[in-house]
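Topology and contacts: notes
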Amino acid sequence: MNLSEKYTRTAILLHWLIALLILVNLVLVWTVDSLPESFTRAMIDTHKSVGITVLGLALMRILWRITHRPPQLPAFYPRWEKFAAHAAHGVLYLLILALPISGWMHDSAWKDAPTHPMSLYYLIPWPRLGFITGLDPETKEAMHTLFGEIHELFGTILYIAVGLHILGALKHQFIDKEKELQRILP
Ligand code: HEM
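My aim in this report is to walk through the structure given alongside it, one point at a time. (Residues numbered from 1 in each chain as written. Predicted model: local features only at pLDDT ≥ 70, side-chain atom pairs only at ≥ 80, totals over all residues. Heavy atoms only, no water.)

1. A word on helix α5 (residues 137-175)
The end-to-end C-alpha distance of α5 is 56 Å, a good match for the 57 Å that 39 residues give at a rise of 1.5 Å each. Regarding α5, the residues found buried are Lys140, Met143, His144, Phe147, Gly148, Gly155, Leu158, Ala161, Ala169, His172 and Gln173. Check the buried side of α5 and you find it contacts α1 (9-31), α3 (79-108), α4 (130-133) and α6 (180-184). Following α5 by one or two positions, lysine 177 adopts a phi angle in the positive range, close to 55°. (Helix = DSSP H or I, 4+ residues; strand = E, 2+ residues; numbered from the N terminus. Expected span 1.5 Å × (residues − 1). Buried < 20%, exposed > 50% of the residue type's maximum accessible area, 1.4 Å probe, protein only. Contact = heavy atoms within 4.5 Å.)

2. Thoughts on the site of the ligand
The immediate surroundings of the ligand are formed by 20 residues, with Ile44, His47, Gly103, His151 and Glu152 found nearest. Side-chain polar atom of histidine 47 to a nitrogen atom of the ligand: 2.8 Å apart, as the coordinates give it. Measuring from a nitrogen atom of the ligand, one finds a side-chain N or O atom of histidine 151 at 2.7 Å. Those elements that place two or more of their residues in the shell around the ligand are α1, α2 (40-67), α3 and α5. Classifying every residue of the shell around the ligand by side-chain character gives 11 nonpolar, 6 polar and 3 charged. (Near = heavy atom within 4 Å. Polar contact = N/O pair within 3.5 Å; in protein donor to acceptor, adjacent residues only side chain to side chain. Nonpolar A, V, L, I, M, F, W, Y, C, P; charged D, E, K, R; others polar.)

3. Section: the nonpolar core
Membership of the largest hydrophobic core comes to 16 residues, with the highest contact counts inside it found for Ile18, Leu21, Ile22, Val54, Leu57, Ile96 and Leu158. Only α1, α2, α3 and α5 provide two or more residues apiece to this core. With residues near it in sequence (within four places) discarded, leucine 57 still touches Leu14, Leu17, Ile18 and Leu21. (Core = buried A, V, L, I, M, F, W, Y, C linked by side-chain atoms within 4.5 Å.)

4. A few points about the packing of aromatic side chains
Enumeration according to the criterion identifies 3 aromatic pairs in this entry. Geometrically, the ring pair formed by tryptophan 104 and tryptophan 126 is tilted, given 5.7 Å between the ring centres and 40° between the ring planes. Of this pair, tryptophan 104 sits in helix α3 while tryptophan 126 sits in the loop between β2 (124-125) and α4, and the two are 22 residues apart along the sequence. Residue classification places tryptophan 104 among the buried residues on the basis of a relative accessible area of 16%. (Phe/Tyr/Trp six-rings, centres within 6.5 Å; stacked < 30°, edge-to-face > 60°.)

5. Considerations on the environment of leucine 135
Relative to the helices and strands, leucine 135 resides in the loop between α4 and α5. The class of leucine 135 is partly exposed, set by a relative accessible area of 29%. Here the alpha-carbon distance between leucine 135 and alanine 42, two residues 93 residues apart in the chain, equals 27 Å. Sequence-distant contacts of leucine 135, that is, excluding residues within four places in its chain, are made with Lys140 and Met143.

Structure representation (structure tokens):
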């Protein structure tokens, strides 16, 4: 395969690392209620750490994307299909930022935040968002609920966007017989 048809090694690494970490975070929230309560704190703390890691990687990925042109889609794809692929990518870029940021805002408004300091993997202290922690308790409670709902809504949009992204890739690979997956595989 021609090198200009492939993503760069950095883009490939960031793509799969972010996908894997998002999957870890989803598995944590899917399973947290079915495990004994003694696991809850550690699982949610890990969810927060992994989410902040995704935020850092997402910023790197977006910077990389701005400075490195991705390979073009094959010219014979219909216009609507190219548009759909680009739209799904745009939504995914937004979500890898919006999910961690809304989670961080939700957590910063948590009434027990002052007695439960946040840290990354129990190693590195991590701040809450000062413009939220400084609010009065009533507003903070309302923000906690609102950002919890927004975080959940972004989660639902993520399922749909990832579903379409995977279906599109599989169609190109197996119906159009294009080397689509090879573009993003190491
Ligand atoms: C990769 C990024 C992230 C993804 C994909 C993600 C996804 C999710 C999903 C799907 C839920 C379940 C929502 C529901 O159905 O109620 C959730 C819950 C939650 N998330 Fe995130 N999240 C991410 C990052 C973060 C970050 C950075 C924080 C905080 C710093 C955070 C804090 C929370 C909290 C506190 C909950 C509620 C957990 C519970 O009490 O059950 N999330 N997240």
